[in-house]
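Examination of the molecular architecture
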Amino acid sequence: MCGAELKNLPEGVQRVAAALQTLNHPHMPQMLDDAARTAQQAADALGILVGQVAKSIIFRRKSDDVAVLVVTSGDRRVDEKKVEAHVGGKIGRADADFVKSRTGFSIGGVSPVAHATPPVTLIDRDLLRFDVVWAAAGHPHSVFPLHPSDLQRLTGAPVVDVVLAPVEASAQPVA
């Protein structure tokens, strides 16, 4: 992307694009016609599996009010107890004002990079089952592709287990 193209993008997307360029990431943000505020919306817009959406979830560490970013697969649910074990303290839900003030992004567009204040970040290892995932790029209409291992390079975060065990189809009762 050149400078003129960046100026036409929302401010959050401009920050993400600049960070990706600085970090030598080969793929820049793409604007979608429809919003991708949820993993399902993003998957539908991109024609991919929900699991290929690298969703960014912000929590609030209660002891010091620090933002905790968990990047996980769109088809997984975060296990807050596992997150607490990795970040050294209790966490709580973050409201929209907290997310915006700490990250600079609105809920539905939180990127794993280019935060206003660097969060404590964890990447869930279940993302590694895909060759390509898509992450929010600073706006509910913007995403960028990457290999899951690039998340560690781009954020410096550890890859850990922070999700609830998926429910296997065979474990579900048959009606």
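Structure first, text after, so check above.
Since the model is a prediction, treat every value here as computed from it, not as a measurement.

Among the secondary structure elements, Arg15 is positioned in helix H2 (residues 11–22). Each C-alpha atom, one on Arg15 and one on Asp64, is 26 Å from the other, the two residues being 49 residues apart in sequence. Here Thr103 takes part through its backbone oxygen, which lies 3.0 Å from a polar atom of the side chain of Arg15.

We now examine the nonpolar core. Residues Ile58 and Phe144 are the most contacted members of the largest nonpolar core, which totals 27 residues. Those elements that place two or more of their residues in this core are H2, strand E2 (53–61), strand E3 (66–73), helix H5 (96–103), strand E6 (133–136), strand E7 (142–146) and helix H6 (148–155). The dominant element in this core, judged by the number of residues it contributes, is H2, at four residues. The contacts of Ile58, once residues within four sequence positions are left out, are Ala67, Val68, Leu69, Ala94, Phe98, Val99, Thr103, Val110 and His115.

Approximately 560 Å³ is the volume attributed to the largest pocket. Lining of the largest pocket is provided by 27 residues; of these, Arg37, Lys55, Ser56, Ile57 and Ile107 occupy positions nearest its centre. At the level of secondary structure, the elements contributing two or more residues to the lining of the largest pocket comprise helix H3 (39–46), E2 and E6. For the lining of the largest pocket, the element with the most residues is E2, which contributes seven residues. For the lining of the largest pocket, the per-class residue count stands at 17 nonpolar, four polar and six charged.

The rules behind these values
Residues numbered from 1 in each chain as written. Predicted model: local features only at pLDDT ≥ 70, side-chain atom pairs only at ≥ 80, totals over all residues. Heavy atoms only, no water. Helix = DSSP H or I, 4+ residues; strand = E, 2+ residues; numbered from the N terminus. Polar contact = N/O pair within 3.5 Å; in protein donor to acceptor, adjacent residues only side chain to side chain. Core = buried A, V, L, I, M, F, W, Y, C linked by side-chain atoms within 4.5 Å. Buried < 20%, exposed > 50% of the residue type's maximum accessible area, 1.4 Å probe, protein only. Contact = heavy atoms within 4.5 Å. 1 Å grid on protein atoms, 1.4 Å probe; cavity = no way out; pocket = protein on both sides within 12 Å on 5 of 7 lines; lining within 4 Å. Points joined across faces, edges and corners; volume = space filled by probe spheres on them. Nonpolar A, V, L, I, M, F, W, Y, C, P; charged D, E, K, R; others polar.

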